[in-house]
Amino acid sequence: MRRSISAVAVALLCAGMLFATPYEEILSRAMENSPQMKNVELTYLNSLLTQQQNDLDDAVKVTVSTGQWNIAFEEESIGTMNGGVQSNSLISALAGYNSPSVSVAIPNGESETKITASTGLNFNYGEQKSYSISPSLSASHTFDLTGYDSDLAVDLSNARSSIQSEYTYRNALLSFESQVLTSIKTLLQAEQTLNETKYELAKAEQTLSDALELGNMTEGSVSYLQSMNAINLQKRTIDATEKQIETAKQQYTTLTGLVWDGVEDLPSPDLTINVLSTGNTSVVLAGIDVELAQQAIEELNHKIGTSELSIDGAIGGDFSKDSTSYDGSAGVAYSAGNWAVGTAFGGSFDNQSGKFHPTLSVGASWTNKTTKKSDEIELQMLNNDLVSAQNELADAKTSYIQDMQNLQIEILNHEYTLQNNAAQKEYLESNLEYQQTLFDSGLCTQQDVDDARKQVEWASVQDMIDTIEGLLLQIKIAQLNL
């Protein structure tokens, strides 16, 4: 009878292993079915779109004006009576058209190059018809002499956002896999506890039955009551474990979208640790924060001590039925801090008189610095922010090294456990062969052989749990090196 029960148990175990789901399929299906991971994926895709948007260069801005029609209505008298009161009137219209123009702004670092062109076409249609054409072309550009580049701060900020988004996405994938592995581990441990308890319960019940049958124990005796208490405790443990397994199965289904039927083909963990010379993402982000803090200081210094050179020029003409003239101008201006100086030269030529009229202007301005004290305080605050960012960078580097060292200790402990479990399993397999030899020689019971066999089976389950522990450590290594 015992041999038949053992055979059925082995058959059921093999059947469970036969229909177990490969781990890679479990993980893949879980990724597909999880609303949590779908949201993670969407968030990551949006971050990529935001990055593309941030990487777009400033476009050339073109403004086109088609000109404007203007119509004015006027009332005029067409007759009087007795040289006095107006007798009749007429509404007349005065039509006019203003010139179209084109303006182009070309982004160029800290300023724009602006070019404006106009046909200068104007005409009126009324009692006195008139027209004029005044084409013009002007351009201006400002050079920043401080060498400050605001694009660098923008690029650093965009790079930080990109790195942070990538880290969040990769870390979410690893964390989800860790959840799946932990769920599988919980089920395997609970099922092993259930199987061990059921096996021990069956042995206890059989031992009690044999003792009663052989007369070695009587119902109601102290030893009988002790045996029954132990059996009842094992039954309560079985009930509690079965409820735990049912809850764990529901959680597994919620997490993966699958029904628990076991796991197989667990990959071998790779517990190699590579300490990155540049540190992980936390170190990189802290380094970017230092650069951003430095850029904030440079931006304020640029604001306080702005040094710019501006040049501009224009050419044009004026053509009408009454006159024709040409004009042009060129100017340059320099500003630094709270003062500025500039000069401009221009002139016009009247075609009818044949005269040229030059103009020259020179000017300077100075404004007292009303925010000097405020700027000094703000600059000190920004310098404090820089020191704080530098401290955060040093702390991030230290934390990375310490976390790596702690993880190395965890790996050493895990490897020590693996060695002990491997030695224990080797002993159990040798003990099974030994017990089988004794049984064949009539020197032990079938129960002794069954006990030895069960110990080997449970050691195999422990191998799977140890593998999962290794995979969880592998994920920790990957997360730490993100």
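Residues numbered from 1 in each chain as written. Predicted model: local features only at pLDDT ≥ 70, side-chain atom pairs only at ≥ 80, totals over all residues. Heavy atoms only, no water.

1. Re the overall build of the protein chain
Keep this limit in mind: Going along the chain from the N terminus, every DSSP run of H or I of four or more residues is numbered as a helix, and every run of E of two or more is numbered as a strand. Under the scheme applied here, a residue whose accessible area is under 20% of the maximum for its type counts as buried, over 50% as exposed, and between as partly exposed, the area being computed with a 1.4 Å probe on protein chains only. Pairs of residues are marked as contacts when any of their non-hydrogen atoms sit within 4.5 Å. Note on areas: Shrake-Rupley with a 1.4 Å probe; residue coverage comes only from the protein chains shown.
Secondary structure summary: the protein chain contains eight helices and 14 strands in total. Across the 482 residues that make up the protein chain, the buried fraction comes to 27%. Restricting the contact set of the protein chain to residue pairs at least 6 apart, pairs at least 24 apart contribute 70%. Carbon and sulfur atoms provide 54% of the accessible area of the protein chain, an area that totals close to 29900 Å².

2. Here we look at unusual backbone geometry
One non-glycine residue, D265, lies in the positive phi region at around 60°. Residue placement: D265 occurs in the loop between strand 10 (263-264) and helix 6 (281-304). By relative accessible area, D265 is classed as exposed at 55%.

3. Focus on the pattern of salt bridges
The cut-off we apply is this: Definition used for salt bridges: Asp or Glu carboxyl oxygen within 4 Å of a side-chain nitrogen of Lys or Arg.
Scanning all chains against the criterion turns up twelve salt bridges. Residues R160 and D289 are paired through a salt bridge, measuring 2.6 Å at the closest nitrogen-oxygen approach. Of this pair, R160 sits in helix 4 (residues 150-214) while D289 sits in helix 6, and the two are 129 residues apart along the sequence. Assessed through its relative accessible area of 25%, R160 is described here as partly exposed. Residue classification places D289 among the partly exposed residues on the basis of a relative accessible area of 28%.

4. Considerations on the packing of helix 6 against helix 7 (residues 372-440)
Just so we agree on the cut-off: In this analysis, axes come from line fits to C-alpha atoms, helices being fitted only over the stretch in contact, and the angle between any two N-to-C directions falls in the range 0 to 180 degrees. Any angle that falls under 35 degrees is termed roughly parallel, while one over 145 is termed roughly antiparallel, one within 65 to 115 roughly perpendicular, and all others oblique. Here a crossing is called left-handed whenever its near helix is offset anticlockwise from the far helix by less than a right angle, and right-handed whenever the offset is clockwise. All residues other than Ala, Val, Leu, Ile, Met, Phe, Trp, Tyr, Cys, Pro, Asp, Glu, Lys and Arg, Gly among them, are scored as polar; the first ten of these are nonpolar and the last four charged.
Running from N to C, helix 6 and helix 7 cross one another at 165°; their axes reach a closest spacing of 8 Å. Comparing their axes, helix 7 and helix 6 come out roughly antiparallel. The interaxial crossing formed by helix 6 with helix 7 has left-handed handedness. Taken together, the residues of the contact of helix 6 with helix 7 sort by class into 15 nonpolar, six polar and six charged.

5. Side note on helix 7
Each α-helix winds once per 3.6 residues, and so residues spaced three or four apart point in a common direction. Test applied: By this rule, a helix spans an expected 1.5 Å times one less than how many residues it contains.
Compared with the 102 Å implied by 1.5 Å per residue over 69 residues, the 101 Å span of helix 7 between its first and last C-alpha is a close match. Positive phi appears at G442, one or two residues downstream of helix 7, with a value of about 75°.

6. Quick word on the packing of aromatic side chains
We count it as follows: Between rings of Phe, Tyr and Trp, where Trp is taken as its six-membered ring, a pair exists when centres lie within 6.5 Å; planes separated by under 30 degrees are stacked, by over 60 edge-to-face, and by other angles tilted.
Under the criterion given, the structure shown has three aromatic pairs. For the pair Y199 and W458, a centre-to-centre distance of 5.8 Å together with 85° between the ring planes defines the contact as edge-to-face. In this pair, Y199 sits in helix 4 while W458 sits in helix 8 (residues 446-480), placing the two residues 259 residues apart along the sequence. A single burial state applies to Y199 and to W458, both of which are buried. Taking 5.2 Å as the distance between ring centres and 80° as the angle between the ring planes, the aromatic pair formed by Y252 and W260 counts as edge-to-face. This pair shows no difference in class: Y252 is buried, exactly as W260 is.

7. What to know about the nonpolar core
For the record, the criterion: Nonpolar core, defined: a set of buried Ala, Val, Leu, Ile, Met, Phe, Trp, Tyr and Cys residues in which side-chain atoms within 4.5 Å join the residues together.
Ranked by size, the top nonpolar core spans 38 residues in total, and within it Y23, V180, I184 and V263 carry the most contacts. Here the element with the most residues in this core is helix 4; it accounts for 14 residues. When near neighbours in sequence (up to four residues on either side) are disregarded, I184 contacts Y23, I26, Y252, W260, V263 and I468. In terms of nonpolar packing, the next biggest core, distinct from the first, is built from 20 residues, I273, L300, Y400 and L473 among them.

8. Quick look at the packing of helix 2 (residues 23-33) against helix 4
Between two packed helices, the angle of one axis relative to the other and the distance separating the axes together describe the packing. Direction vectors running N to C along helix 2 and helix 4 enclose 125°, while the axes themselves pass 11 Å from each other. It follows from the interaxial angle that helix 2 and helix 4 lie oblique. For the pair helix 2 and helix 4, the crossing hand works out as right-handed. Where helix 2 approaches helix 4, its residues Y23, I26, L27, A30 and M31 are matched on the opposing element by L173, F176, E177, V180, L181 and I184. Classifying every residue of the contact of helix 2 with helix 4 gives ten nonpolar, no polar and one charged.

9. Thoughts on a nonpolar patch on the surface
Stated formally: Patch members must show over 30% relative accessible area and no salt bridge, and they are joined within 9 Å when carrying like charges or within 5 Å when they are nonpolar side chains of Val, Leu, Ile, Met, Phe, Trp or Tyr.
Together, V60, V62, V64, V102, I106, I115, L137 and I315 make up a nonpolar patch on the protein surface, roughly 650 Å² of accessible area in all. At the level of secondary structure, the elements contributing two or more residues to the nonpolar patch comprise strand 2 (61-65) and strand 5 (101-108). Its location among the elements puts L137 in strand 9 (residues 136-144). Residue class for L137 comes out partly exposed when judged on its relative accessible area of 44%.

10. A short note on the confidence of the model for the protein chain
Caution applies to low-pLDDT parts of the model: their predicted coordinates are not meant to be read in detail. Under the convention used in this document: Confidence scores labelled pLDDT are given residue by residue by the predictor and lie between 0 and 100.
With 83% of its residues at a pLDDT of 70 or more, the protein chain has an overall mean of 83. Mean pLDDT across the secondary structure elements of the protein chain bottoms out at helix 1 (residues 2-18), with 43, and peaks at helix 8, with 94. Residue range residues 89-95 is modelled with pLDDT below 50. Its contacts to residues more than four positions away, or to other chains, number 29 contacts.

11. Side note on helix 4
Its 65 residues place the ends of helix 4 95 Å apart at the C-alpha level, agreeing with the 96 Å of an ideal helix rising 1.5 Å per residue. Where helix 4 terminates, the next one or two residues include G215, which has phi positive at roughly 80°.

12. Quick word on the pairing of strand 14 (residues 355-366)
Both faces of the sheet carry side chains from a regular strand, because those side chains alternate between them. The criterion, for reference: In short, DSSP must find at least two bridges between two strands for them to pair.
With zero of its twelve residues buried, strand 14 lies for the most part at the surface. As defined by bridge partners, strand 13 (residues 339-350) adjoins strand 14 across twelve bridges and the pair is classed as antiparallel. Each bridged residue has a counterpart across the sheet, and for S348 the counterpart in strand 14 is H357. Here strand 13 hands over to strand 14 after four residues, with G354 in that stretch at a positive phi of 70°.

13. Some remarks on the environment of I26
Structurally, I26 is set in helix 2. Separated by 154 residues in sequence, I26 and V180 place their C-alpha atoms 8.4 Å apart. Leave out the neighbours within four places in its chain, and I26 touches T21, V180, I184, Y252, T256, L258, G262 and V263.

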